[in-house]
Amino acid sequence: MAMANDAKPDAETLQVLQDMAHRLRIHSIRATCACSSGHPTSCCSAAEIMSVLFFYAMRYKGTEPEHRDNDRFVLSKGHAAPILYAAWAEIGDIRESDLLSLRKIHCDLEGHPTPRLSFVDVATGSLGQGLGAACGMAYTGKYFDKASYRVFCLMGDGESSEGSVWEALAFASHYSLDNLVAVFDVNRLGQSGTAPLEHCTDIYQSRCEAFGWNTYLVDGHDVEALCHAFWQAAQVKNRPTAVIAKTFKGRGIPNIEDAENWHGKPMPKERADAIIQLIESQIQTNRNLMPQPPVEDSPPISITNIKMTSPPSYKAGDKIATRKACGLALAKLGHAHERVIVLDGDTKNSTFSEIFKKEHPERFIECFIAEQNMVSVALGCATRGRTIAFASTFAAFLTRAFDQIRMGAISQTDINLIGSHCGVSVGEDGPSQMALEDLAMFRSIPNCTIFYPSDAISTEHAVYLAANTKGMCFIRTTRPETAIIYTAQENFEIGQAKVVRHSVNDKVTVIGAGVTLHEALAAADDLSQQGISIRVIDPFTIKPLDTATIISSAKATGGRVITVEDHYREGGIGEAVCAAVSREPGILVHQLAVTEVPRSGKPSELLDMFGISAKQIIEAVKYTLMS
């Protein structure tokens, strides 16, 4: 039988592909009926597309879904999960009987795809995110692996209203990702009504072409036209390809095809058998097509156990901003491992990721001012263990990508995000640039490690530890220069705080991080001249928090704790400490934090105005001792 390296498949192959599409429809209808939920009509519009992709166009090892040389597939319209599972049942990776456990609690075939399944690289279902992740996979394939594998992304027409889709379209054409194919399943109907462009496929075409994409219009139910489009896409150099497929929602189901109000509804059980019989009656063969094997030309990679080449080279008394130390540490880490990559959103001269770019230009990805897409691209780059990805921008702008970050956690990803310019210490630029909610955001993400280093040495350790840590990591860095307080020999570990200042006479424990740790140290110096001794703790990681050190210090200082942070009170360090000591009797936590929207001014003036400077710490210590 003719396979994907031919421009024109033979009649027998085309018939088998059409029959496979019908089988995928039947699986999708049965599975959604069995659990009385799901999106069979969204599956039916994509049946021919899935059949042609999985059994004609894509090259992969069906027995090894995670093989590094396989073509990649991203189901951006994640609600069509049943048809993805159906394809893998036909390949043989899933038992057909398991399809009937769709969406059940003991079954990994969830309502939307997650990487609990070996053939899913990134979780999808929050719409508009699949193409960005596919861009990361394609960029990695073209520029890092320099390999033959291609990336296919199936998208819904409804989700193309999301701005993140157009961020990804711009990214892919800017970087000439000719190994990327996006398929728009234009079935006209969204969840609650029609999609804005309905079946105007020519408008999709002109928009994609305006974004620099090579574009084909096809009848999405014509297997021959689809075969030809995917074959053509493989011949095109230096441009990504969009296949705009005109389809009908609920294709093949009488009275439901192209009808409104069937989104997310299984077929009525009393009608299901007749519908399945009708589709079965159109199947003419019982042949199966096996996927073509991939070209095996990706280099083997190991990204575990990365070692820094030398200890930090800073000296006591040096002053350097942790954002700059972070850039220097990334560049150093880049020399330690060839698969360290850095992404940035046009802030490289402020986050200092430009130092990495200068030393490792081929491993730096400029994502421009599109933070949602930057996070999605990083997720894609990190799949299948191909890279160690760090993405940096102002911490305030990562809040824009919270949904991508949340989906990254569901994807069980190992990406590292760096947020600079946190808090009122940003100064004159004003509140739009000040991250004051980022700790709350990242604390709410499961399996996320939050580093908040307070000097250049702890920053270098944070970067090195993040590179070796499973799950998502967030490193919070500051704009102003701060003094080196640790020695080059100091050892740092996740979940281990540093007691920076202590004596047997300590009366109060003060916990600060970043700039506020330095304010706490200044307060300690001032108080010691007044005969008052305080203990100062640098938590280093906000999550996990070193509860044991905090509790033992609190007990040693009469249960008196003050937290001081350059962050809003809600969800920050103070609340993390309160939660940590909540089961300990006799510990009182006094929280100093930013409690209202700040304004422009000098950093020192703002720390003072919003109650988190050395002066306020001194007042709080005295107040605590009096009460």
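What counts as what
- Residues numbered from 1 in each chain as written.
- Predicted model: local features only at pLDDT ≥ 70, side-chain atom pairs only at ≥ 80, totals over all residues.
- Heavy atoms only, no water.
- Helix = DSSP H or I, 4+ residues; strand = E, 2+ residues; numbered from the N terminus.
- Rg over C-alpha atoms; globule rule 2.2 N^0.38 Å.
- Buried < 20%, exposed > 50% of the residue type's maximum accessible area, 1.4 Å probe, protein only.
- Contact = heavy atoms within 4.5 Å.
- Areas by Shrake-Rupley, 256 points an atom, 1.4 Å probe, with all protein chains shown as cover.
- Lys, Arg positive; Asp, Glu negative; His and termini not counted.
- Charge placed at Lys NZ, Arg CZ, Asp CG, Glu CD.
- Pairing = 2+ DSSP bridges.
- Axes fitted to C-alpha atoms, helices over the stretch in contact; angles between N-to-C directions.
- Parallel < 35°, antiparallel > 145°, perpendicular 65-115°, else oblique.
- Left-handed = near helix turned anticlockwise from the far one by under 90°.
- Right-handed = clockwise from strand over helix to strand, strands pointing away.
- Disulfide = S-S within 2.5 Å.
- Core = buried A, V, L, I, M, F, W, Y, C linked by side-chain atoms within 4.5 Å.
- Phe/Tyr/Trp six-rings, centres within 6.5 Å; stacked < 30°, edge-to-face > 60°.
- Salt bridge = Lys/Arg side-chain N within 4 Å of Asp/Glu carboxyl O.
- Polar contact = N/O pair within 3.5 Å; in protein donor to acceptor, adjacent residues only side chain to side chain.
- UniProt positions renumbered as here; feature names shortened; annotations may be inferred.

We now examine the overall build of the chain. The helix and strand tally for the chain stands at 23 helices and 19 strands. Its C-alpha atoms give the chain a radius of gyration of 28 Å, near enough to 25 Å, the size a compact globule of 627 residues would have. Projected onto its principal axes, the C-alpha coordinates of the chain cover approximately 90 × 50 × 40 Å. Within the chain, the fraction of its 627 residues that count as buried is 62%. Across the chain, every contact between residues at least 6 apart in sequence was considered, and the portion connecting residues at least 24 apart equals 79%. As displayed, the chain has an accessible area near 23200 Å², and 49% of this comes from carbon and sulfur atoms. Between the averaged position of the 59 positive side-chain charges in the chain and that of its 72 negative side-chain charges there is a distance of 3 Å.

Turning our eyes to something else, we now look at the sheet that holds strand β14 (residues 498–501). What the five strands build is an open sheet, ordered β14-β16-β15-β18-β19; its pairing is mixed. The strands lining the two open edges of the sheet, one partner per strand, are β14 and β19 (588–594). Each neighbouring strand pair of the sheet contributes to a mean axis angle of 25°, computed without reference to strand direction. On top of the sheet, helix α20 (residues 547–556) reaches β14, β15 (508–512), β16 (534–538) and β18 (560–568); it is set at about 175° to β16, its chief contact.

Before going further, it helps to spend a moment on the packing of helix α1 (residues 11–35) against helix α3 (residues 47–57). At a minimum axis distance of 8 Å, the contact between α1 and α3 shows a crossing angle of 120°. Viewed along their axes, α1 and α3 adopt a mutual orientation that is oblique. As α1 runs across α3, the sense of the crossing is right-handed. For the pair α1 and α3, the contacting residues are Thr-13, Leu-17, Gln-18, Met-20, Ala-21, Leu-24 and Arg-25 in the first and Ala-47, Glu-48, Met-50, Ser-51, Val-52, Phe-55 and Tyr-56 in the second.

Quick look at the pairing of strand β5 (residues 241–246) now. Buried residues dominate β5, accounting for five of its six residues. Both strand β3 (residues 180–186) and β5 contribute to a ladder of six bridges, which runs parallel. From the neighbouring strand, Val-183 faces β5, where its bridge partner is Val-243. Pairing geometry for strand β4 (residues 214–219) and β5, over six bridges, is parallel. Bridged to Val-218 within β5 is Ala-245. Once you follow β4 into helix α9 (residues 223–235) and on to β5, the crossover reads as right-handed.

Summed over the entire model, instances satisfying the criterion amount to zero disulfides. With no disulfide of its own, Cys-326 lies 12 Å from the sulfur of Cys-422, the closest cysteine sulfur. A relative accessible area of 2% places Cys-326 in the buried class. Cysteine Cys-367 shares no disulfide, and the gap to the nearest cysteine sulfur, in Cys-381, comes to 7.8 Å.

Here the focus is the nonpolar core. Membership of the largest hydrophobic core comes to 79 residues, with the highest contact counts inside it found for Leu-180, Leu-343, Leu-417 and Phe-442. It is helix α6 (residues 130–144) that contributes the most residues to this core, eight residues altogether. Once you skip the residues sitting within four places of it in the chain, Leu-343 turns out to touch Ile-365, Cys-367, Met-374, Val-377, Ala-378, Ala-389, Phe-390, Ala-391 and Ser-392. Core analysis: the next-biggest nonpolar cluster, separate from the first, contains 57 residues, Phe-73, Ala-86, Leu-117 and Val-243 among them.

All told, the structure shown has 19 aromatic pairs when counted by the stated rule. An angle of 10° between the planes, with centres 5.3 Å apart, marks the rings of Phe-394 and Phe-397 as stacked. Judged by its relative accessible area of 23%, Phe-397 is partly exposed. Look at Tyr-486 and Phe-492: their rings are 5.0 Å apart centre to centre, the planes differ by 90°, and that puts the pair in the edge-to-face class. You can call Tyr-486 buried: its relative accessible area is 7%.

All right, on to the sheet that holds strand β8 (residues 364–366) then. Strand order in the open sheet formed by seven strands is β8-β7-β9-β10-β12-β11-β17, and the pairing between neighbours is mixed. Unpaired on one side and paired on the other, β8 and β17 (541–543) mark the two borders of the sheet. Averaged over all pairs of adjacent strands, the angle between their axes in this sheet comes to 20°, without regard to strand direction. Pairing between strand β7 (residues 340–344) and β8: three bridges, direction parallel. Bridging from a neighbouring strand, Asp-344 pairs with Glu-366 of β8.

What follows is about the environment of Gly-158. When you line up the elements, Gly-158 lands in the loop between β2 (151–156) and α7 (163–174). Separated by 30 residues in sequence, Gly-158 and Gly-128 place their C-alpha atoms 9.1 Å apart.

Let us look at the pairing of strand β1 (residues 72–75). By the alternation rule, side chains of β1 split into Arg-72 and Val-74 and Phe-73 and Leu-75, which are all buried. Here β1 pairs with β2 via four bridges, running parallel. For Phe-73, the partnering residue across the bridge sits in β2 and is Phe-152.

Along the chain, Asp-546 falls in the loop between β17 and α20. For the buried Asp-546, no salt bridge exists, and the shortest N-O distance to an oppositely charged side chain is 8.7 Å, to Lys-498. At 2.6 Å, the side chain of Asp-546 forms a polar contact with the side chain of Thr-549. Excluding residues within four positions of it along the chain, Asp-546 makes contact with Gly-495, Gln-496 and Ala-497.

Here the focus is the pattern of salt bridges. Scanning the entire structure with this criterion turns up 28 salt bridges. The residue Lys-332 makes a salt bridge to Glu-460 at a minimum N-O spacing of 2.6 Å. Placement of the pair is Lys-332 in helix α11 (residues 322–336) and Glu-460 in helix α18 (residues 456–467), with a sequence separation of 128 residues. By the burial criterion, Lys-332 is buried, and Glu-460 matches it. Of the charged contacts, one joins Arg-406 and Asp-403 as a salt bridge, the two residues approaching to 2.9 Å between their closest N and O atoms. Here Asp-403 and Arg-406 lie together in helix α16 (residues 402–410), a separation of three residues that amounts to about one turn. The class for Arg-406 is partly exposed, based on a relative accessible area of 38%.

Residues given the UniProt feature "domain: Transketolase-like pyrimidine-binding" (unreviewed entry) here are residues 320–484. Between the C-alpha atoms that bound residues 320–484 there is a distance of 8 Å. The span itself is 41% helix and 21% strand.

Before going further, it helps to examine the side chain of Asn-373. With respect to the secondary-structure elements, Asn-373 resides in helix α14 (residues 371–382). For Asn-373, a relative accessible area of 2% translates into the label buried. If sequence neighbours within four positions are ignored, Asn-373 has contacts with Gly-132, Ser-164, Glu-167, Ala-168 and Phe-171.

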